[in-house]
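Remarks on the overall topology
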Amino acid sequence: MKVLLLLDDVSSVDQLEALAGKHSWFGSGSRILITTRDEHLLRTHKVGHIYLVKLLSDDEAIRLFKIHAYNEEVPVEDYETLSLRVVSYAAGLPLALKVLGSFLYDKNNSEWIGTLKKLKEIPDHEVMNILKISYDGLETYQKELFLDIACFWNKKSQHDAVEILEACGYHPGIGIKVLKQKALISIVNGNFDMHDLLQEMGHYIVRGEGVHPYSPESYSRLWKEEDIKNLCLRDALKENYKIEAIKYNGYLYDGGHDFSSRFFKIVSKLKKLRWLRVDMHTRMFDGEPTFLNELCYADGYPTSSFLNSYPLMNLIILNLSWSTYQEVRKENDTSRTLGPSLLQENDTIKATTYKDFESVLEFPRLSLSTLRYLKVHYSTLTELGKGRWKQLPNLKTLHLSSMWKLLNTPDFNALPCLEKLIISQCDELVEIHSSLGRHGSLKYISVSYCPELRIFPTIVHMENLKTVEIGYCNLEDGDIPSGIDRLSNLQELSLRGNKFSRLDFSLLQLTRIKLLNISGCEQLLELPQLPPGLVILKADSCKSVTTTGDCHKNCKQLRHVSLMDVIINDADRLLEFMLEVKAIENGCMRLQLEGVEIAKGFTPLLPEKWYDDFCGFLICAVLYRGDHLDINIRAKVMSGMDYQSDVVWEERNSNSMKEAIREEENDCDKHLRTWVTYVSFGSLRYAARWDQTYKAISFEVDADGCHSFGVRLVDKKSKGV
C-alpha cells in the first residue's frame, strides 16, 4: 500500500524503529516525512534525504506574525513599526512569531511597547520553555558546554575556545558536534554562531530561568558589566557556591568609585570558580584568593594574587597577559613579590605569559602539575629552565613566540604528554632538541619565521603526528628534516616560504596526507609527484615553476589547487584532469590561477535537458589581482522563465578599474587572477530550493574588481572543457 506518513518532532531512534523501521514496510511510491531537532537521529536511521529547515525571510516573518498579531477590529496604533521590532527580535523563528503574536493580539499600544521593553531583560517564558526541549535532552557536560558558548563564545573563534572548554572538562570534540546536530549552534567561518533566541535561552537558564532575574550572586556565569557592578555593590563577601565562571573586559568604576579591589575580594570567596578571565586596567590587589582550588582557567587576574595564593591544585590554563613575573627583594628579605609589566599582546588565549620563566617555576606557591597549556612570549631569554620542565608532566600545548634571543629548545623527554608544539618568530633559534624527533605523543608541530634554524631533528617513531609545518625558516636543499616520508599518519604538510629547489623525499608514501602547502617557495623548480589521497595543493608564488607536468597523475581526490603568482603553461590540462576526479561527482572543485586563458573559452549555454545531459556547473571569475580575494558565489534558481533570457556571462568594470586598465593596457593579463570552481548537481541535491525542473539559473559573484564572470555546463559524457 502506498502511504504518506508524517512523524513530527522525533526525539529517539526507538520511535523511528517502531514506526518506520524499514523501507520494505511501505509500498512503492510511499513517502515518509520526519521532523526532528536532532540530525544525528536521521543519519543513524539512514534516512535517504536530509533537509535543513531554514529560518523565515523578513517578508515571510512579517506575514506569519500578522496572522497571529493583527487585530482587524481594534488595530493597534503604529502597528507597522511595532511589528517590525517584534520580527527583528524573533529573527526568523516561527515559534517566537506565533507565541508573541498571539500574546499581543488584544494588547494596546502601551502594552506592546512594555512587552518589547521587557523582552530585552526577561525573555518570554513560553518561548524559552519550548526552545529548552533540545537543551533538556543533552547530557550534563553538553549542557555546560552550551551555556559557556552562549555566555562567552558566541561569534568568537572555535579554535580559541576549544582548549579552554577542554580544560573545564566539557569534551568539546564530541560535545560541539552534538550541539551542531541538534541545531543549537553552528560554525561560521571558524566562529561559533547561534540564533539570538537560543543565546537568550542560555542566558535565561544561567539566571535561574527567571527566578532570580536581578541577583547576580545566584548566577552560574557572569559576563555583563551591570551584573558584575551590582555584585560589587552588594554584601557579597560570603562564601559563594553558585558562580562558576567570570569573564569581564572593562573598568570597575562607578560614580568615581573603584570597585576592583572589592571585586577581587569577592572572587576569593567563589569556591566553585573554574573559569576566570579578567581584562582591566587597575591597581594591584594585595589580597590572596583562598578558595580557588577548583579553578581550571585564569587570565588577567593580578599576578601577585595568584602566585602568592594557596596552591591552585586544578589549574590547567594560566594566562597572565599584560603582566610579567618580576622578582623584587627587599634588604634582608628573602620573600618574593610581584610587580606589573606591560606586554605587547592583550589577548593570549592558551598561555602562561612571563619573562623570568625559571623564577616562576621556583615559586613555592604555584602548583604546575596540572598545567596543560603554556605560552612564553615576548622574552629575551636565551634558554628555558634547564631541568625544570619535569614540573610540567601533563603539559599538552607549548607555544614559544617572539623569543628573539632563544638559541635552543628544551629537552622534550621531560614533557611526555605534549601533543602540540608551536615555535614562532624566534629570530636566533638555531637548534631544536633532538628529543623532538622521537616524541611519541606529538600530533602537531609548527615552526615558522625562525630564519637561523639549521638543526631540525630526524623524525622517527612519531606515529601520532598529523600536522607538520616548517615555514619561512630559510630551509635550503638538504635542510628538510629526514624521516618526513615515514610519517604514516601525516595529514597536513606545510613547507611554505623556504629556499629549496626540490623536495628531497617522496610524498607517495604519505598515504593519509590531505593537504600540501609549498606556497612562497620561489626557488622550487618543479612540483613534486603528489600522493593519491591529496585533496588540497597550495603552491602560490612558486615563481620558478612553469608547468604542472604529470605531478597529479596519481591523485584520486584532488579538489582544490591554488597556483597564484605562478605562470603555468598547461593550466587547461590541469583543469581537465581535476574534472575527471571521481571524488567531485557529488562535491565541488576549485582552481586558482594567473591569467584569463580558461575564462575566454566559456560560452553561455543552457539547453532544455540540462539536468539529464550534464553533471554540474563550471564557474569562472576573473579578478584584478589584490592583496585579498574574498569571493562568494550564490546561486539563485528561478522557475517559469525562458532560459534564454537569463544572463550567464557578465563583464563589469568600475571607473577605477577602467583607469587601471588604461595604465596597464599593454600588459593587462599579468594583473588578473582566474578563479574556477566546479559545482556538481549532486552537491546541490539537498539544497532547499534546488529542482531539476527549473529552466533558468543565475549566479552572482561578490568580489572587488571583478573583470569578468562566466558559467558553463559540464557534459556527463566528456566532463571536460
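Going by the structure above, here's the rest.
This section reports on the structure supplied with the text. All figures in this text were calculated on a predicted structure; none of them were measured in a lab.

1. Examining the overall build of the protein
- The helix and strand tally for the protein stands at 18 helices and 27 strands.
- Burial analysis of the protein (721 residues in total) assigns 48% to the buried set.
- Put simply, of all contacts in the protein between residues at least 6 apart along the chain, 60% involve residues at least 24 apart.
- Approximately 35,800 Å² of the protein is accessible, and the part contributed by carbon and sulfur atoms is 48%.

2. What to know about the environment of cysteine 232
- Counting through the fold element by element, cysteine 232 comes out in helix H12 (residues 225-233).
- Accessibility expressed as a relative area gives 1% for cysteine 232, which makes it buried.
- Sequence separation between cysteine 232 and isoleucine 266 is 34 residues, and the spatial gap between their C-alpha atoms is 7.6 Å.
- Look past the residues within four positions of cysteine 232 in its chain and what remains in contact with it is Phe259, Arg262, Phe263 and Ile266.

3. Points about helix H9 (residues 158-167)
- Listed as buried for H9 are Ala161, Glu163, Ile164, Leu165 and Ala167.
- Its side-chain oxygen placed 3.2 Å from the backbone nitrogen of histidine 159, serine 157 serves as the N-cap of H9.
- The positive-phi residue at the C-terminal boundary of H9 is glycine 169, with phi of around 85 degrees.

4. Section: the pattern of salt bridges
- Summed over the entire model, instances satisfying the criterion amount to 18 salt bridges.
- Arginine 37 serves as the salt-bridge partner of aspartate 9, at 3.4 Å between the closest nitrogen and oxygen. Within this pair, whereas aspartate 9 is found in strand S1 (residues 4-10), its partner arginine 37 is found in the loop between strand S2 (31-36) and helix H2 (39-44), the two being separated by 28 residues in sequence.
- Given a relative accessible area of 29%, arginine 37 falls into the partly exposed group.
- Linking aspartate 38 and lysine 182 is a salt bridge whose minimum nitrogen-to-oxygen distance equals 3.2 Å.

5. Focus on the environment of leucine 487
- Assignment of secondary structure puts leucine 487 in the loop between strand S16 (467-471) and strand S17 (492-494).
- Using a relative accessible area of 3% as the deciding quantity, one classes leucine 487 as buried.

6. Some points on helix H3 (residues 58-69)
- Given a rise of 1.5 Å per residue, twelve residues ought to cover 16 Å, and the 16 Å separating the end C-alpha atoms of H3 matches this to within 8%.
- Along H3, the positions that sit buried rather than exposed are Ala61, Phe65 and Ala69. Seen from one end, H3 has its buried residues packed into an arc of 50 degrees, which puts them on one side. Along H3, the residues that are exposed and aim more than 90 degrees away from the buried face are Asp59, Arg63 and Ile67.

7. Digging into the environment of serine 102
- Of note, serine 102 is situated in helix H5 (residues 94-104).
- Separated by 36 residues in the primary sequence, serine 102 and lysine 66 have C-alpha atoms spaced 9.7 Å apart.

8. Remarks on unusual backbone geometry
- Unlike most non-glycine residues, lysine 46 shows phi in positive territory, near 60 degrees.
- On the secondary structure map, lysine 46 appears in the loop between H2 and H3.
- With a relative accessible area of 68%, lysine 46 lands in the exposed category.
- The residue tyrosine 449 is not glycine, and still its phi comes out positive at about 55 degrees.
- Within the secondary structure layout, tyrosine 449 lies in the loop between strand S15 (444-448) and S16.
- Exposure remark for tyrosine 449: the relative accessible area of 38% places this residue in the partly exposed category.

9. Quick notes on the side chain of lysine 420
- Relative to the helices and strands, lysine 420 is located in strand S14 (residues 420-424).
- Using a relative accessible area of 16% as the deciding quantity, one classes lysine 420 as buried.
- Reaching out from lysine 420, the side chain makes a polar contact with the side chain of histidine 159 at a distance of 3.5 Å.

10. Section: the pairing of S15
- Burial within S15 is extensive, with four of its five residues counted as buried.
- Where S14 and S15 come together, five bridges link them in parallel fashion. Counted as the bridge partner of leucine 421 is isoleucine 445 from S15.
- As defined by bridge partners, S15 adjoins S16 across five bridges and the pair is classed as parallel. In the sheet register, tyrosine 444 faces S16, and the bridge partner there is threonine 467.

11. Some remarks on the nonpolar core
- Core analysis: the biggest nonpolar cluster contains 82 residues, and Leu398 and Leu493 have the highest contact counts within it.
- Counting 70 residues, the second largest nonpolar core, distinct from the first, contains Trp112, Leu116, Phe146 and Cys151.

12. Brief notes about the packing of helix H7 (residues 125-136) against helix H11 (residues 196-206)
- Direction vectors running N to C along H7 and H11 enclose 95 degrees, while the axes themselves pass 10 Å from each other. By the angle between their directions, the pair H7 and H11 is classed as roughly perpendicular. Of the residues in H11, those touching H7 at His125, Met128, Asn129, Leu131, Lys132 and Tyr135 are Leu197, Leu198, Glu200, Met201, Tyr204 and Ile205.
- Of the residues belonging to the contact of H7 with H11, the class tally is eight nonpolar, two polar and two charged.

Cut-off values and rules
- Residues numbered from 1 in each chain as written.
- Predicted model: local features only at pLDDT ≥ 70, side-chain atom pairs only at ≥ 80, totals over all residues.
- Heavy atoms only, no water.
- Helix = DSSP H or I, 4+ residues; strand = E, 2+ residues; numbered from the N terminus.
- Buried < 20%, exposed > 50% of the residue type's maximum accessible area, 1.4 Å probe, protein only.
- Contact = heavy atoms within 4.5 Å.
- Areas by Shrake-Rupley, 256 points an atom, 1.4 Å probe, with all protein chains shown as cover.
- Polar contact = N/O pair within 3.5 Å; in protein donor to acceptor, adjacent residues only side chain to side chain.
- Salt bridge = Lys/Arg side-chain N within 4 Å of Asp/Glu carboxyl O.
- Expected span 1.5 Å × (residues − 1).
- Arc of directions from axis to C-beta.
- Pairing = 2+ DSSP bridges.
- Core = buried A, V, L, I, M, F, W, Y, C linked by side-chain atoms within 4.5 Å.
- Axes fitted to C-alpha atoms, helices over the stretch in contact; angles between N-to-C directions.
- Parallel < 35°, antiparallel > 145°, perpendicular 65-115°, else oblique.
- Nonpolar A, V, L, I, M, F, W, Y, C, P; charged D, E, K, R; others polar.

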